[in-house]
Amino acid sequence: MYSIEGYIRTLIQIYQYVLIAYVLLSWLPSARESFIGEMLGKLCEPYLSVFRRFIPPIGGMIDISPIVALIALRFVGEGIVAVLRFIIR
């Protein structure tokens, strides 16, 4: 059980780092058009678009949906681990 829990936590942590890197790229002009920016966009935009539908930017410029997405990802990951613990025990 611990190995499955460890893999899930590791995957979620890696995806959190990918999301953070993608958000930081938005601060640099034309960084999203680079190869890395496009690759991160393909990984992150489907997940972030769910939150952007419901959370509009504050003042038209500040997008807080990545923050909510990171928090939701953490909760979902902990929920999956809790369900696996319940099923296996």
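This text follows the structure it describes.
Residues numbered from 1 in each chain as written. Predicted model: local features only at pLDDT ≥ 70, side-chain atom pairs only at ≥ 80, totals over all residues. Heavy atoms only, no water.

1. Observations concerning a nonpolar patch on the surface
Here's step 1: A contiguous nonpolar patch, built from Ile4, Val83, Phe86, Ile87 and Ile88 and spanning about 540 Å² of accessible area, is present on the exposed surface.
Here's step 2: The element contributing the most residues to the nonpolar patch is helix H3 (residues 65-88), with four residues.
Here's step 3: Examined against the element boundaries, Ile87 turns out to sit in helix H3.
Here's step 4: Overall, the relative accessible area of 60% leaves Ile87 in the exposed class. (Patch = residues over 30% accessible without salt bridge, like charges linked within 9 Å, V, L, I, M, F, W, Y side chains within 5 Å. Areas by Shrake-Rupley, 256 points an atom, 1.4 Å probe, with all protein chains shown as cover. Salt bridge = Lys/Arg side-chain N within 4 Å of Asp/Glu carboxyl O. Helix = DSSP H or I, 4+ residues; strand = E, 2+ residues; numbered from the N terminus. Buried < 20%, exposed > 50% of the residue type's maximum accessible area, 1.4 Å probe, protein only.)

2. A look at the layout of surface pockets
Here's step 1: For the largest pocket, the calculated volume is near 260 Å³.
Here's step 2: The wall of the largest pocket is formed by 14 residues, among which Val23, Ser26, Trp27, Asp63 and Pro66 lie closest to the centre.
Here's step 3: Mapped by element, the contributors of at least two residues to the lining of the largest pocket are helix H1 (2-25) and H3.
Here's step 4: Considered class by class, the residues forming the lining of the largest pocket number ten nonpolar, one polar and three charged. (1 Å grid on protein atoms, 1.4 Å probe; cavity = no way out; pocket = protein on both sides within 12 Å on 5 of 7 lines; lining within 4 Å. Points joined across faces, edges and corners; volume = space filled by probe spheres on them. Nonpolar A, V, L, I, M, F, W, Y, C, P; charged D, E, K, R; others polar.)

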